[in-house]
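One-letter residues, chain by chain:
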Amino acid sequence: MRVAVVGGGIIGLAIARECVLRGHEVTVHDPSPGSGASHVAAGMLAPVGESYFGEPELTRLLVECARVWPAYAQGLGADVGYDPTGTLQIGLTGDDVREMARLWQHQRSLGFEVEKVVPSEVEPLVSARARGVLVRSDHQVDPRLVVGALLRTVRVTADPVGEADVTVIAAGCGSTAWGLPVRPVKGVLLRLRGAPGLKHVLRGVCDAREIYLVPRKNAETIVGATSEERADGEASAGAVRDLLRAATDLVPELAEHALVEVCVGHRPATPDNAPIVGELRPGLLVATGHYRHGVLAAPLTAMAIADLVDGREMPEVWKPFGPGRFL
Ligand SMILES: Cc1cc2nc3c(=O)[nH]c(=O)nc-3n(C[C@H](O)[C@H](O)[C@H](O)COP(=O)(O)OP(=O)(O)OC[C@H]3O[C@@H](n4cnc5c(N)ncnc54)[C@H](O)[C@@H]3O)c2cc1C
């Protein structure tokens, strides 16, 4: 089949690669591939850290998404920074810990392994004030390396879609052009570079501010991220200050690192903050609205869309996330 994928972010590229692997003739249409949210994302693969109250179906989906990542990363044939070291969930002040404790209780109630630890014993650079848990099953990958690897496996053009048997809309925030209910949620994220020290991803609350630190093998530490219901592309000085303050309160040594990049990205979010994956009408499929989970969900999304292209049903776990719920 001739498959046209509109959008060359991590979602569109993963779909294109999966369809190529299944023998289809695929073209990705994007004037600026890899330039959207996927270029900014931290790359946490965190179904436990992202399991919030009242989202059981999304949590089940994210657990499945995480399950396929190790084999998927290996299959890409390049180092994409897949790192299974695990994640420390942390609160700094007493109030922060009380807030996080409620989340830990929720995570345990779902059957996740959430191990009480002394964070500064696991990660000596972390402030001795911090209290937390270790989640061994929440991992990370480097989205820029993933996008780079995917781009090497597919054909991309800036031309509009021509003749195709199946078209897949995977244009992130640009999917609104097809009437899909996607809104941009702005995120400011920083990259620091300095002597490597942290091994685990850190995420939690620090003086009432949500924060995560993602250490990369290339001596970078990602500091993220704001979550702002707006579409502009500027990073305010206040946002950068707040992120740096939380990061250095948690890991004082980061103050010695160089600030090498301030990034702004837009998460494609939907009215219920869950993805839209499925068939709009015969020959027109959609995979968008992945909000905070697009990196985590890219491989499984690609498999689900390729199943539809092959004329098969999507796996059960995807059933709640079809476009029909908004139409
Ligand atoms: C600060 C931040 C941190 C994040 N951290 C994580 C994380 O740790 N883990 C995680 O899983 N997710 C994370 N995310 C979310 C993740 O980045 C997104 O869910 C994911 O990148 C969405 O991928 P996408 O391919 O749908 O969209 P994008 O990456 O935005 O790509 C969309 C593509 O479509 C193209 N396009 C748009 N309109 C058109 C059009 N009309 N025609 C052709 N092409 C078009 C664009 O050029 C772009 O290349 C984060 C996001 C942000 C902003």
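In the block above lies the structure referred to throughout.
Residues numbered from 1 in each chain as written. Predicted model: local features only at pLDDT ≥ 70, side-chain atom pairs only at ≥ 80, totals over all residues. Heavy atoms only, no water.

With respect to the environment of Thr176
Among the structural elements, Thr176 can be located in the loop between strand S9 (166-169) and strand S10 (183-193). Thr176 sits 92 residues away from Pro268 along the chain, and the two C-alpha atoms are 9.8 Å apart. (Helix = DSSP H or I, 4+ residues; strand = E, 2+ residues; numbered from the N terminus.)

Here's the deal with the packing of helix H3 (residues 56-75) against helix H8 (residues 294-309)
Geometry of a packed helix pair, given as the angle between the helix axes and the separation of the axes. Contact geometry for H3 and H8: axes closest at 8 Å, N-to-C directions at 85°. Taken together, H3 and H8 sit at an angle that is classed as roughly perpendicular. Facing Leu61, Leu62, Glu64, Cys65, Ala66, Val68, Trp69 and Tyr72 of H3, the residues of H8 in contact are Val295, Leu296, Ala297, Pro299, Leu300 and Met303. Taken together, the residues that form the contact of H3 with H8 break down as 13 nonpolar, no polar and one charged. (Axes fitted to C-alpha atoms, helices over the stretch in contact; angles between N-to-C directions. Parallel < 35°, antiparallel > 145°, perpendicular 65-115°, else oblique. Contact = heavy atoms within 4.5 Å. Nonpolar A, V, L, I, M, F, W, Y, C, P; charged D, E, K, R; others polar.)

Re the layout of surface pockets
Of the pockets and cavities examined, the second largest pocket occupies roughly 190 Å³. For the lining of the second largest pocket, the class distribution of residues is eight nonpolar, five polar and six charged. (1 Å grid on protein atoms, 1.4 Å probe; cavity = no way out; pocket = protein on both sides within 12 Å on 5 of 7 lines; lining within 4 Å. Points joined across faces, edges and corners; volume = space filled by probe spheres on them.)

Quick word on the nonpolar core
Counting residues in hydrophobic clusters, the biggest one holds 51 residues, and the most contacted among them are Val5, Ile15, Trp69 and Trp318. Taken together, the elements giving at least two residues each to this core come down to strand S1 (2-6), helix H1 (10-21), strand S2 (25-29), H3, helix H6 (143-151), S9, strand S16 (284-288) and H8. The element contributing the most residues to this core is H8, with 10 residues. Every residue in contact with Trp69, bar those within four places of it in the chain, is listed here: Leu45, Tyr82, Val141, Val146, Val295, Leu296 and Pro299. Grouped together as the second largest cluster of nonpolar side chains are 24 residues, Leu92, Val126, Leu190 and Leu243 included. (Core = buried A, V, L, I, M, F, W, Y, C linked by side-chain atoms within 4.5 Å. Buried < 20%, exposed > 50% of the residue type's maximum accessible area, 1.4 Å probe, protein only.)

Looking at the site of the ligand
Around the ligand, the surrounding shell holds 36 residues, and the nearest of these are Asp30, Ser38, Met44, Tyr291 and Arg292. Within the backbone of Gly294, a nitrogen or oxygen atom sits 3.0 Å from an oxygen atom of the ligand. Bound to the protein, the ligand loses 89% of the 1,000 Å² it would expose on its own. Of all the elements in the fold, those that place two or more residues in the shell around the ligand are H1, helix H2 (37-40), strand S14 (258-269) and H8. Looking at side-chain class alone, the shell around the ligand contains 17 nonpolar, 16 polar and three charged residues. (Near = heavy atom within 4 Å. Polar contact = N/O pair within 3.5 Å; in protein donor to acceptor, adjacent residues only side chain to side chain. Areas by Shrake-Rupley, 256 points an atom, 1.4 Å probe, with all protein chains shown as cover.)

Section: the sheet that holds strand S15 (residues 276-281)
As summarised here, the arrangement of the six strands in space is S8-S2-S1-S9-S16-S15, forming an open sheet in which the pairing is mixed. What marks the edges here is a single partner per strand, and that holds for strand S8 (156-157) and S15. One ladder, built from four bridges, connects S1 with S9; its direction is parallel. Bridging across to S9, Val6 finds its partner in Ile169. (Pairing = 2+ DSSP bridges.)

Structural notes on the sheet that holds S14
Read from one edge to the other, the open sheet built from eight strands follows the order S5-S6-S4-S11-S12-S13-S10-S14, with strand pairing classed as mixed. Sheet topology places strand S5 (115-117) and S14 at the edges, where each strand pairs with a single neighbour. Ignoring strand direction, the axes of neighbouring strands in this sheet form an average angle of 25°. Here strand S12 (residues 209-215) pairs with strand S13 (residues 220-224) via four bridges, running antiparallel. Within the sheet, the bridge partner assigned to Pro215 lies in S13 and is Thr221. Together, strand S4 (87-91), S10, strand S11 (201-206), S12, S13 and S14 form the strand contacts of helix H7 (residues 237-250), whose direction differs from that of S12 by roughly 70°.

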